[in-house]
Amino acid sequence: MSGLADLQPIKHRTQKGVLNCLQSVRPVDKGLTIKIMRHLLLLLCCLSLSAQATITAQLDRLTVTEGESLLMTIEADQRSRQRPDLRLLQQDFRILGSKQMSISSHSKGESRFSTRWRIMLRPLRAGSLQLPALPVGNEYTPSFMVTVLANNLTVPGLQKQSQFIETELDTNELYINSQALLKVRLLYQGPESASDKLSDPLSEEALIRTLSDEKRYDTQVKGQTYHVIERHYGIFPKYSGNLVIEPVRFSSGAPGTETVTSEAIELAVLPQAFQKRPGYWVPSSRVELSDNLESVTAAREGEAIKRHVTLTAWGIPAAELPALSQLKNELAEIRLDNVRLDEKVTPEGIISTRTEELTLIPLERGEITLAAIEIPWWNVTQDKGSTATLGPRRLQVESTSTVASTAEVTVKPILQPQLSTETAAEPLPDSNLLIWLLTAIAVAATLGWWYSFARLRSQKDDQYEVIEEEIDIADLPQVYDEQHRAEQRAFQLLCEACDNNEPEIAKLRLIEWAQKLWPDASIFNCETLCTTAANQTLDFLILDLEHHIYHNETEQWRGDLLIDAASRLRDRQLRSEEMAEEA
């Protein structure tokens, strides 16, 4: 089974039957086939709408003080364009803000999707408030009873407590390896003892870093003065799922005092967001990429150049940052001398840097191009994929020595023997013959020198032509590498558009990527792309894509299926190219 049978996420039997029927169609007329596929697509959309999502909801706490806020999380086990109806909350709560997230996970060939809403609420009055069931399409969330304490009241037992611990998280939900900020405050009365001990939060399933030195100050709580010890921590989960951090404990050396324990700290850890990026996962709020060669454009053959490439990321440990530099270049030797990892700790989180120190030695004169560096990363603030890019660097290499070949020929004049006046008066009988003989020898030597010079020059020119031809052939791998990087970059842009579920942009990126994958084919639109790819699954997905673009579909377009189909086509094409090179 191939083609449409590869569409694993469609699980309903009726949908599978429709797909099997579609796969068995033998189209006679192209226009008729497109009409049939459009009707079947509409049928699939109707069938998918008939499946109801399972709705769950939870609150971060059920007891709050008047003026405080609480967080409500609603989740549907499939993608949904229908939002919860929040109007029922306005009677007893003020809606401070809401956020919607689409979550996808892929494992063992299966794809799972869910939609999550996070709603920040503030009670309007004290007392026991009913948080009603909220409709989400045809389903309803469970209801909750929230207890709101008045400002003039205190938590039971608080006035009798001389010490207690408060904990505060900046988020209850985060991605694996990303950062959550935890603030711990110990409030106590009375003198401080040298034996007092405040523990740190601990967990084997997360990396916990202290972000700043502890602060000490006094504050007023319900009219009472407390001494405060405040600490800040960064939490970086290692595994997805529910993360429980051991409570913080405070033990005092004063007699008659008991150990104070904070509430349990829980976090929901999301798995890696779906990315078609091999090798690494960089969740961060901000990423920057730089080097020291931005203003360097000239170099000399054989002389070493020091290059420092630096990746800076906010909210991720330095050990999680990926390798940056490419150590292969046809015209230069590139050597990795050192890798330096640094972390700057601030109360707002850690700022990590990875610096790679390289030595670059040009091997030949001419222009050397250092390939662009691209680091895909996940923006946790905007909840979407992004790419940090360092553009290519070009160096003009000059030769260290100039070889000048000059031929100098010195012709010494032939000295005539000085004859006495007596001999000159009467020339010797063989003098004319000697003069002609010497002249003939000089002419013959001159002609021989010119012949030898011309022969050597011809051989030298032939040698230069051979060298230029070898250089042209040596440049071919570099050309292939540039084409491969262009195709890889186009594929990354296609994946970003599909991850963000943007059909219009995904269509443009799909055509651009196909032009890079098949450079010899004439691909100008989706029709020529389908002809070149000759893949029935891709034909169906492109039809679905255009249907969402031009028919104003209310259901959200899903780009993960298009990524899977394009990835299979890409792997098949790259394997065929490798087999052709080996042959």
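Cut-off values and rules
- Residues numbered from 1 in each chain as written.
- Predicted model: local features only at pLDDT ≥ 70, side-chain atom pairs only at ≥ 80, totals over all residues.
- Heavy atoms only, no water.
- Helix = DSSP H or I, 4+ residues; strand = E, 2+ residues; numbered from the N terminus.
- Buried < 20%, exposed > 50% of the residue type's maximum accessible area, 1.4 Å probe, protein only.
- Contact = heavy atoms within 4.5 Å.
- Areas by Shrake-Rupley, 256 points an atom, 1.4 Å probe, with all protein chains shown as cover.
- Patch = residues over 30% accessible without salt bridge, like charges linked within 9 Å, V, L, I, M, F, W, Y side chains within 5 Å.
- Salt bridge = Lys/Arg side-chain N within 4 Å of Asp/Glu carboxyl O.
- Pairing = 2+ DSSP bridges.
- Axes fitted to C-alpha atoms, helices over the stretch in contact; angles between N-to-C directions.
- Disulfide = S-S within 2.5 Å.
- pLDDT = per-residue confidence, 0-100.
- Arc of directions from axis to C-beta.
- Polar contact = N/O pair within 3.5 Å; in protein donor to acceptor, adjacent residues only side chain to side chain.
- Expected span 1.5 Å × (residues − 1).

Let us now look at the overall build of the protein. Along the backbone of the protein there are nine helices and 30 strands. Counting every position in the protein, which comprises 583 residues, the buried fraction comes to 39%. Long-range pairs, those at least 24 residues apart, make up 70% of the contacts in the protein with a sequence separation of at least 6. Accessible area of the protein: about 34,500 Å², with a carbon and sulfur share of 51%.

A grouping of Leu327, Leu336, Val339 and Leu341 is seen on the molecular surface, where their side chains present a nonpolar patch of about 310 Å² in accessible area. Topologically, leucine 341 is positioned in strand β25 (residues 332–346). Relative accessible area serves as the criterion here: at 41%, leucine 341 is assigned to the partly exposed category.

Read across the sheet, three strands follow the order β11-β20-β17 without closing on themselves; strand pairing throughout is mixed. Because the sheet does not close on itself, it has two edges, and the strands there are β11 (173–175) and β17 (241–245). Geometrically, the sheet is characterised by an average inter-axis angle of 35° between neighbouring strands, direction not taken into account.

Take the environment of glutamine 78 next. Position of glutamine 78 among the secondary structure elements: in the loop between β3 (70–76) and β4 (93–107). Judged by relative accessible area, which is 28%, glutamine 78 ranks as partly exposed.

Here we come to unusual backbone geometry. Even without being glycine, aspartate 383 reaches a positive phi, approximately 55°. You can see aspartate 383 is positioned in the loop between β28 (373–379) and β29 (384–390). In this structure aspartate 383 comes out as buried when scored by relative accessible area, which is 17%. You will see that alanine 534, though not glycine, has its phi angle at about 55°, which is positive. Tracing the chain through its elements places alanine 534 in the loop between α7 (526–533) and α8 (536–550). Residue class for alanine 534 comes out exposed when judged on its relative accessible area of 61%.

Before going further, it helps to spend a moment on the state of the cysteines. According to the stated counting rule, one finds zero disulfides in the structure shown. The structure places no disulfide on cysteine 526, whose sulfur is separated from the nearest cysteine sulfur, that of cysteine 530, by 6.5 Å.

The next point concerns the confidence of the model for the protein. Mean pLDDT for the protein: 75, with 72% of residues reaching 70 or above. A low-confidence stretch, residues 21–28 (pLDDT under 50), is modelled with eleven contacts involving residues beyond four sequence positions or located in other chains. With pLDDT under 50 throughout, residues 460–476 is counted as low confidence; its partners more than four residues away or in other chains account for one contact.

When α7 is considered as a whole, its buried residues turn out to be Cys526, Leu529, Cys530 and Ala533. In an axial view of α7, the angular spread of the buried residues amounts to 100°, which keeps them on one side of the axis. When the buried face of α7 is taken as reference, the exposed residues oriented beyond 90 degrees from it are Glu527 and Thr531. One side-chain oxygen of the residue at the start of α7 lies 3.2 Å from the amide nitrogen of glutamate 527, identifying that residue as asparagine 525. Backbone geometry just downstream of α7 places alanine 534 in the positive-phi region, at approximately 55°.

Moving on, we come to the environment of lysine 507. Structurally, lysine 507 can be placed in helix α6 (residues 503–517). Classification of lysine 507 by relative accessible area gives buried; the value is 16%. Residues lysine 507 and isoleucine 549 lie 42 residues apart in sequence; the distance between their C-alpha atoms is 9.3 Å. The residues contacting lysine 507, other than those within four sequence positions of it, are Cys526, Leu545, Glu546, Ile549 and Tyr550.

Let us look at the environment of proline 191. On the secondary structure map, proline 191 appears in the loop between β12 (180–188) and β13 (197–198). For proline 191, a relative accessible area of 77% gives the class exposed. Taking C-alpha positions, proline 191 is 9.2 Å from histidine 227, a pair spaced 36 residues apart along the chain.

Moving on: α8. Helix length check: α8, at 15 residues, gives a terminal C-alpha distance of 21 Å against a target of 21 Å (1.5 Å per residue), a fit within 8%. Of all 15 residues that make up α8, eleven are buried, and the element is covered over most of its length. Thr537, Leu538, Phe540, Leu541, Ile542, Leu543, Asp544, Leu545, His547, His548 and Ile549 are the residues of α8 that are buried. Capping of α8 at its N-terminal end is provided by asparagine 535; its side-chain oxygen lies 3.1 Å from the backbone amide nitrogen of threonine 537.

Strand order in the open sheet made by the three strands is β2-β9-β6, with mixed pairing throughout. Of all strands in the sheet, those with a lone pairing partner are β2 (63–65) and β6 (127–131), marking the two edges. For this sheet the average axis-to-axis angle between neighbouring strands, irrespective of direction, equals 30°. Pairing between β6 and strand β9 (residues 144–149): five bridges, direction antiparallel.

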